[in-house]
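What the coordinates show
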Amino acid sequence: MFMFKKIIAAMLLPIPMVMIIIAIGFFLLWFSNRQRLGKWMISSAALMLALFSATPVANLLISPLENHYPTYDLSQGAVKFVMVLGSGHVSDPKLPVTSQIGSASMARLLEGIRIYKANPGSKLIVSGWGGADPVPNAVVVAQVAIALGVPEIDIMKEPRAKDTHDEASLIKPVIGDADFALVTSAAHMPRAVALFKQQGMSPFPAPANYLFKQRPGQSISLQFSARNLAKSESAIHEYLGLAWSKLRGQI
């Protein structure tokens, strides 16, 4: 079921979906007599790619997710645990350990360390399995945390979790009813909080890795870029994840 979820989700993201539609369109153009349908499909795919790459569309998709919870306020009270959810990594020994985790993972970890340092006596929890990598994400992120000054004795690792639902269910026996900060990407936060609450926990949301950033007074411009495409992809991934979690009765 886990691999089925990953495959379906990957196919429904903007670039794979556009490529599939284009491939079908070219097939119809070259190997069938339904050339009008082929042209229509290729044109639709090009329009989809343009829309998902446009600033207004990308921001419209991502902003409701990222603005769902405010930035974590250090004055809101002490926490005993800081839970940093896993993200991508590559355990390449030729690279410095800080380059072995992705930008999303680094942003999450830095926010987690900020909260950890503001709460003396707290524990930093990192999670995530390895996937195709032989080293679990939790282990690599822990190494980065140590390199950034977090004592190893204050770090707890959960290397078995394959997804957010696993992270919530596996960490419940560790955290129990204690107050804790939940750190993940801002767009992922609504789904993460819902999954943790379903396990009977009450996390303090600590969103990080914001993709939608706007200077005060900055007007919305019409630009087409890979950055905007990444925003759209992240947003669609989360909307699909929310739908899947509701379908499975996890939230």
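Here goes a summary of the coordinates provided.

Some thoughts on the pattern of salt bridges
- All chains considered together, the criterion is met by six salt bridges.
- As a salt-bridge pair, Asp177 and Lys172 come within 3.8 Å of each other at their nearest N and O atoms.
- Looking at Asp177, the relative accessible area reads 72%, which means it is exposed.
- You can call Lys172 partly exposed: its relative accessible area is 23%.

Considering the side chain of Gln100
- Secondary-structure assignment places Gln100 in the loop between β1 (81-84) and α5 (103-117).
- Since its relative accessible area comes to 9%, Gln100 is described here as buried.
- A distance of 3.1 Å separates a polar atom in the side chain of Gln100 from the backbone oxygen of Leu95.
- Among residues more than four places away in sequence, those in contact with Gln100 are His89, Val90, Ser91, Asp92, Pro93, Leu95 and Val140.

Here's the deal with a nonpolar patch on the surface
- Side chains of Ile7, Ile8, Met11, Leu12, Ile20 and Ile24 sit close together on the surface and give an oily, nonpolar patch of about 470 Å² of accessible area.
- For the nonpolar patch, the elements supplying multiple residues, two or more each, are α1 (2-11) and α2 (14-31).
- Sorting elements by how many residues they give to the nonpolar patch places α1 first, with three residues.
- Relative to the helices and strands, Ile20 is located in helix α2.
- Look at Ile20 and you get partly exposed, because its relative accessible area is 35%.

Regarding the sheet that holds strand β3 (residues 155-158)
- Taken together, the five strands give an open sheet; going across it, the order is β3-β2-β1-β4-β5, and neighbouring strands pair in parallel fashion. Single-partner strands in this sheet number two, and they are β3 and β5 (204-208). Within the sheet, the average angular offset between the axes of one strand and its neighbour, ignoring direction, is 20°.
- Strand direction decides the pairing type here: strand β4 (residues 180-185) and β5, joined by five bridges, are parallel. Bridging from a neighbouring strand, Leu182 pairs with Pro205 of β5.
- Running at roughly 165° to β3, helix α6 (residues 137-147) makes contact with β2 (123-127) and β3 of the sheet.
- Strand contacts of helix α8 (residues 189-198): β1, β4 and β5, with the helix running at about 145° to β4, the strand carrying the most contacts.

What counts, and at which threshold
Residues numbered from 1 in each chain as written. Predicted model: local features only at pLDDT ≥ 70, side-chain atom pairs only at ≥ 80, totals over all residues. Heavy atoms only, no water. Salt bridge = Lys/Arg side-chain N within 4 Å of Asp/Glu carboxyl O. Buried < 20%, exposed > 50% of the residue type's maximum accessible area, 1.4 Å probe, protein only. Helix = DSSP H or I, 4+ residues; strand = E, 2+ residues; numbered from the N terminus. Polar contact = N/O pair within 3.5 Å; in protein donor to acceptor, adjacent residues only side chain to side chain. Contact = heavy atoms within 4.5 Å. Patch = residues over 30% accessible without salt bridge, like charges linked within 9 Å, V, L, I, M, F, W, Y side chains within 5 Å. Areas by Shrake-Rupley, 256 points an atom, 1.4 Å probe, with all protein chains shown as cover. Pairing = 2+ DSSP bridges. Axes fitted to C-alpha atoms, helices over the stretch in contact; angles between N-to-C directions.

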